[in-house]
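What follows is each chain in one-letter form.
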Amino acid sequence: MRGVVKALIFDFGGVLTNPVWESFAHFCREEGLEEDKVKRMFREDPGALADLRELEKGEVEEAEFERRFAERLGLASSEELIERLFVGMTPLEEMIEVVRVARAAGLKTALLSNSWSVDHYDRKMLDELFDVAVISGEVGMHKPEEEIYRLTVDKLGVEPSECVFIDDLRENCEGAEAIGMTAIRHRHAGETIERLKTLTALQL
């Protein structure tokens, strides 16, 4: 049974930013590739997805991932490939304001992101918005593995039943629900905000 909500746990890319696929499409246009090539590669090529998982868990260096991925895409240069892939990501101010309001109201807030290094985040933003930041590449596990959710909950000092988890991927929401969290699959800011209103007393 769900308890009183004491904490909100947010994904980053695709929740606090525009959809990651939009950034990948931007990258493909800039590189002269089919617009959905990166999206299709991650969905259809097990090797590409395995490379990404290794990066997200800190098991492969960024330069090596960039070399492999450039080769898969048929690109001549792997230089700053990760930066090029994500340059089209922009903050989603409506959702960032949700985090601010939640924290100001006394709820605990956490970032739980499949990413390779906290260095790719604005440290000032992390300190302003979150009590806890768990980055997969720094802890050697990734969503939807059970252990990374439990680590986040432990750092927050709450029970899973007291948490609402917001992510744009179904499998990550299912992972959160498996340990007793309430999950919101994020598609649009308005929809997510309305759902949060029903779960919390936040004035959003």
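Above this text you will find the structure in question.
Since the structure is predicted, the reported quantities are computational estimates derived from the model, not experimental observations.

Here is what the cut-offs are and how they apply
- Residues numbered from 1 in each chain as written.
- Predicted model: local features only at pLDDT ≥ 70, side-chain atom pairs only at ≥ 80, totals over all residues.
- Heavy atoms only, no water.
- Patch = residues over 30% accessible without salt bridge, like charges linked within 9 Å, V, L, I, M, F, W, Y side chains within 5 Å.
- Areas by Shrake-Rupley, 256 points an atom, 1.4 Å probe, with all protein chains shown as cover.
- Salt bridge = Lys/Arg side-chain N within 4 Å of Asp/Glu carboxyl O.
- Lys, Arg positive; Asp, Glu negative; His and termini not counted.
- Charge placed at Lys NZ, Arg CZ, Asp CG, Glu CD.
- Buried < 20%, exposed > 50% of the residue type's maximum accessible area, 1.4 Å probe, protein only.
- 1 Å grid on protein atoms, 1.4 Å probe; cavity = no way out; pocket = protein on both sides within 12 Å on 5 of 7 lines; lining within 4 Å.
- Points joined across faces, edges and corners; volume = space filled by probe spheres on them.
- Helix = DSSP H or I, 4+ residues; strand = E, 2+ residues; numbered from the N terminus.
- Nonpolar A, V, L, I, M, F, W, Y, C, P; charged D, E, K, R; others polar.
- Phe/Tyr/Trp six-rings, centres within 6.5 Å; stacked < 30°, edge-to-face > 60°.

Draft legend 1. Geometry of a negative patch on the surface. Together, Glu61, Glu62, Asp119 and Glu138 make up a region of like negative charge exposed at the surface. We classify Glu62 as partly exposed; its relative accessible area is 30%.

Draft legend 2. Structural view of the layout of surface pockets. The space that makes up the largest pocket amounts to roughly 1,200 Å³. Gly13, Gly14, Val20, Phe86 and Asp168 are, among the 41 residues lining the largest pocket, the residues nearest its centre. Residue contributions to the lining of the largest pocket peak at four residues, all from helix H3 (residues 46–56). Class assignment of the residues belonging to the lining of the largest pocket gives a composition of 17 nonpolar, 11 polar and 13 charged.

Draft legend 3. Spotlight on the packing of aromatic side chains. In this structure the tally under the stated criterion is eight aromatic pairs. Ring centres 5.6 Å apart and planes at 65 degrees place the aromatic pair Trp21 and Phe24 in the edge-to-face group. Here Phe24 and Trp21 lie together in helix H1 (residues 20–31), a separation of three residues that amounts to about one turn. Residue Phe24 is classed as buried on the basis of its relative accessible area of 5%.

Draft legend 4. View of the pattern of salt bridges. Taken as a whole and assessed by the stated rule, the structure comprises 23 salt bridges. With a shortest N-O distance of 3.3 Å, Glu145 and Lys57 are connected by a salt bridge. Of this pair, Glu145 sits in the loop between helix H8 (136–139) and helix H9 (146–156) while Lys57 sits in the loop between H3 and helix H4 (62–73), and the two are 88 residues apart along the sequence. In this structure, Arg103 engages Asp131 in a salt bridge whose closest nitrogen and oxygen atoms are separated by 3.1 Å. Of the two residues, Arg103 is situated in helix H6 (residues 93–104) and Asp131 in the loop between helix H7 (123–129) and strand E3 (132–135); the sequence distance between them amounts to 28 residues. Counted as one network, the salt bridges with shared partners bring together Asp45, Asp51, Glu54, Glu64, Arg67, Arg68, Glu71 and Arg72.

Draft legend 5. Up close: unusual backbone geometry. With an omega of 10 degrees, the peptide bond running from Lys143 to Pro144 counts as cis. Topologically, Pro144 is positioned in the loop between H8 and H9.

Draft legend 6. Main features of empty space enclosed by the protein. For the coordinates displayed, the defined rule picks out one cavity of 30 Å³ or more. Empty space within the largest cavity amounts to approximately 40 Å³. The wall of the largest cavity is formed by Phe24, Phe42, Leu52, Leu55, Phe65, Ile82, Leu85, Phe86 and Trp116. Listed by contribution, the elements that provide at least two residues to the lining of the largest cavity are H3 and helix H5 (81–86). Per-element tally for the lining of the largest cavity: the top contributor is H5, with three residues. By residue class, the composition of the lining of the largest cavity is nine nonpolar, no polar and no charged.

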